[in-house]
Amino acid sequence: MKIKTNPHHLYSILFGVIMTLGIYSCQVEPLNSGETSVIDTDSSAKQPAPATFVDCNETYSETDLLAGQNILVGTVKVEVEGSDYKITYSITNSKYCITQTHLSVATTPLDFPVNQPGNPQVGHFEENDRWDCVDEVVYFAPIVDGPFIAAHAVVHCITDVTNDLYPNTLPAQVSLCVTEKGVEAVDSYFNIEIDPENSLTGAFDAWCADQDTSLESGDCFTADVYSSYETLPEGKFEHPENFGAVNWLMNQGFIGTEATLELGNYTFGDLQIAIWMLIDDSICSECSYTGPYDMDRVNMLVDMALQHTDCVPVCGEDVVIILIPEDEDVQSIFITIPVPCDCEETAWGDGCPFPGNQWATYFQYAIPD
């Protein structure tokens with residue numbers, strides 16, 4: 001979050017005017033330079049018509065922040081504090097964060113910085129900032145600047161699974177059922193189905209994360225959802241520091257590939273026991289559900305994984321998502337889901353259209369009833 005005050009607002013405007021005049025003075029050649037003047041003295045020459053703002057009375061104390069014209073990503077809220085507006089950009093769509101903001105407050109729409117077609121020039125707005133994937137930005141602007149507000153932002157998908165905002169992209173809880181376990185599952189320790197109406201709905205391969213409890217085929221339960229890169233419940237896992245290694249392990253596609261000529265191919269049982277050795281304090285004493293496994297292959301997997309405890313999956317890879325049952329007698333498990341890939345959208349506080357050929361918008365502040 002950023003809070004900005006504008007004690008030198010007038011000086012900023014004067015500086016902008018001076019810079020503008022300086023820019024134009026560099027664009028016109030002196031008349032004695034031997035070149036033809038770029039100034040057309042023919043008064044009958046046609047000049048481009050200035051941009052015309054349509055009559056629009058959209059007034060808000062809070063408006064939607066829309067990305068890509070129709071994606072609701074948050075709100076822009078205006079409050080009065082003393083002689084200032086407090087203008088707050090807030091992200092409400094957990095899949096996005098703010099990486100840039102541009103804000104202009106004007107007496108009339110004609111005072112917004114626009115080009116000849118009437119498209120806003122956000123680089124010339126009074127406020128112009130970059131951010132490291134945040135969910136809120138706050139500005140203060142003098143009320144005397146006017147009631148018209150153009151609030152622009154650049155929003156990105158949250159792709160860094162270590163970002164504090166990433167867990168917000170996940171549902172807080174899911175309801176699920178185990179459909180198969182062990183050798184009846186396909187290349188995993190469990191097959192599960194997560195109930196509809198959340199972002200994790202569907203069928204998943206799942207893995208046992210805790211041997212202290214049990215879970216059987218046909219069991220259904222509600223679980224809290226955690227990213228493997230956020231702070232996990234205290235004491236739930238013996239070695240949570242190794243979840244980076246588990247993330248590396250789950251992205252290598254070892255099952256069915258050759259360990260060595262003598263040891264043969266890795267099995268899902270090898271992978272499950274390696275997971276226990278990394279994050280639990282024991283392995284099963286009677287591992288009938290794991291199917292065939294070989295401790296030499298298991299140890300090879302563990303040794304390789306422990307060289308990658310700092311692994312962070314990126315776009316094109318999967319991230320481990322942990323499901324911890326509400327019932328403490330039910331076994332914790334994990335699944336993997338794709339890491340989000342980067343996306344970028346421009347966003348505006350919804351309201352009246354600028355006269356240009358873009359979809360940019362502005363609004364007028366009104367004291368709420």
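Placed above this text is the structure.
Residues numbered from 1 in each chain as written. Predicted model: local features only at pLDDT ≥ 70, side-chain atom pairs only at ≥ 80, totals over all residues. Heavy atoms only, no water.

With that settled, the discussion passes to the state of the cysteines. Going through the model one piece at a time under the given rule, you end up with 5 disulfides. Two residues, C97 and C133, share a disulfide whose sulfurs are 2.0 Å apart. Classification of the bridge connecting C97 and C133 rests on its S-S torsion, roughly -100 degrees, and on that basis the disulfide is left-handed. Of this pair, C97 sits in strand β6 (residues 96-106) while C133 sits in strand β7 (residues 127-134), placing them 36 residues apart in sequence. Neither residue differs from the other here; C97 and C133 are each classed as buried. Two residues share a disulfide in this structure: C157 and C343, whose sulfurs sit 1.6 Å from each other. Across the S-S bond linking C157 and C343, the dihedral sits near 85 degrees, which makes this disulfide right-handed. One end of the pair, C157, is in strand β9 (residues 148-157); the other, C343, is in the loop between β17 (333-338) and β18 (344-349), and 186 residues separate them in sequence. Residue C157 is classed as buried on the basis of its relative accessible area of 16%. In this structure C343 comes out as partly exposed when scored by relative accessible area, which is 22%. (Disulfide = S-S within 2.5 Å. Helix = DSSP H or I, 4+ residues; strand = E, 2+ residues; numbered from the N terminus. Buried < 20%, exposed > 50% of the residue type's maximum accessible area, 1.4 Å probe, protein only.)

Summed over the entire model, instances satisfying the criterion amount to 16 aromatic pairs. Taken together, a centroid distance of 5.4 Å and an interplanar angle of 85 degrees make the contact between F237 and F243 edge-to-face. Aromatic side chains F354 and Y362 sit 5.2 Å apart centroid to centroid with 70 degrees between the ring planes, which places their arrangement in the edge-to-face category. Aromatic ring contacts, followed pair by pair, group F53, F112, F125, F148, W348, F354 and Y362 into a single cluster. For the cation-ring pair, K181 lies above Y289, with the distance from its terminal atom to the ring centre recorded as 4.0 Å. (Phe/Tyr/Trp six-rings, centres within 6.5 Å; stacked < 30°, edge-to-face > 60°. Lys NZ or Arg CZ within 6 Å of the ring centre and 35° of its normal.)

This part takes up the side chain of D210. Structurally, D210 is set in the loop between β12 (202-208) and β13 (220-227). K236 is the oppositely charged side chain nearest to the buried, salt-bridge-free D210, at an N-O distance of 4.7 Å. At 3.1 Å, the side chain of D210 forms a polar contact with the backbone nitrogen of D212. Not counting residues within four places of it along the chain, the set of residues in contact with D210 comprises K236, D280, Q331 and S332. (Lys, Arg positive; Asp, Glu negative; His and termini not counted. Salt bridge = Lys/Arg side-chain N within 4 Å of Asp/Glu carboxyl O. Polar contact = N/O pair within 3.5 Å; in protein donor to acceptor, adjacent residues only side chain to side chain. Contact = heavy atoms within 4.5 Å.)

Bear in mind that shape data such as this cannot, by itself, settle questions of function.
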